[in-house]
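# Geometric and topological summary
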Amino acid sequence: MESQLSILQESLVAKRRVLLEIQEYNRKQEAVFMADEVDMSLFDEAIEEKGRLVQKLTQLDDGFEAMYEKLSRELQDNREKYADQIRVLQQQIKEITDLGISIQAQEARNKSLIEGFFSRERSSMHRSLQNSAKAYNFYKSMSSLSAAGNEPSCDYKK
């Protein structure tokens, strides 16, 4: 039982490490969109790496839950015997929960930054299209004036 509790603790330590890595990639994403020049390749790289980390997190969660289910009956029946290990597990779970909340807040901030970036890009593209249309219309107007100016101006009524 002691070794199984140690495995649960190690699983939580590994989960905490993965969450800290995710937090670091969130910081990188934030830096990408706070920069003057947005480098989408850095953003894409962070997304890919976070995807890998989320898969790892899911595996750790699944393993933890499976192990805990096996041990839960024994832990409940002998709560006093394993009180110290249970306290350690509870503390680790609290830290992991706090990290998860922090990551959710980072994700929300990053989402706002990303939405703002794409909104500015859409506006910029819209302005570019409007400017192109104005330039085309100006060119067309000038061409028709130029063509009208090349016609001979004779007074045929005389």
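Quick note: structure is the one above.
Residues numbered from 1 in each chain as written. Predicted model: local features only at pLDDT ≥ 70, side-chain atom pairs only at ≥ 80, totals over all residues. Heavy atoms only, no water.

### Focus: the nonpolar core
The biggest cluster of nonpolar side chains holds 22 residues, and the ones touching the most others in it are Leu5, Leu8, Val18, Leu19, Ile22, Leu71 and Leu75. Of all the secondary-structure elements, those providing two or more residues to this core are α1 (2-34), α2 (40-77) and α3 (83-149). Not counting chain neighbours up to four residues away, the residues in contact with Leu71 comprise Met1, Gln4, Leu5 and Leu8. Residues Val32, Phe33, Ile114 and Phe117 belong to the second largest nonpolar core, which totals five residues. (Core = buried A, V, L, I, M, F, W, Y, C linked by side-chain atoms within 4.5 Å. Buried < 20%, exposed > 50% of the residue type's maximum accessible area, 1.4 Å probe, protein only. Helix = DSSP H or I, 4+ residues; strand = E, 2+ residues; numbered from the N terminus. Contact = heavy atoms within 4.5 Å.)

### Considerations on the pattern of salt bridges
Going through the model one piece at a time under the given rule, you end up with nine salt bridges. Its salt-bridge partner being Glu24, residue Arg27 comes within 3.1 Å of it at the nearest N-O pair. Pair noted here: Arg27 and Glu24 are both in helix α1, with a separation of three residues, about one helical turn. Accessibility expressed as a relative area gives 41% for Arg27, which makes it partly exposed. Here Asp98 ties to Lys94 by a salt bridge, and the two come within 3.0 Å at their closest N and O atoms. Placement of the pair is Asp98 and Lys94 together in helix α3, with a separation of four residues, close to one helical turn. Judged by its relative accessible area of 38%, Asp98 is partly exposed. Taking relative accessible area as the criterion, Lys94 reaches 45% and is therefore assigned partly exposed. (Salt bridge = Lys/Arg side-chain N within 4 Å of Asp/Glu carboxyl O.)

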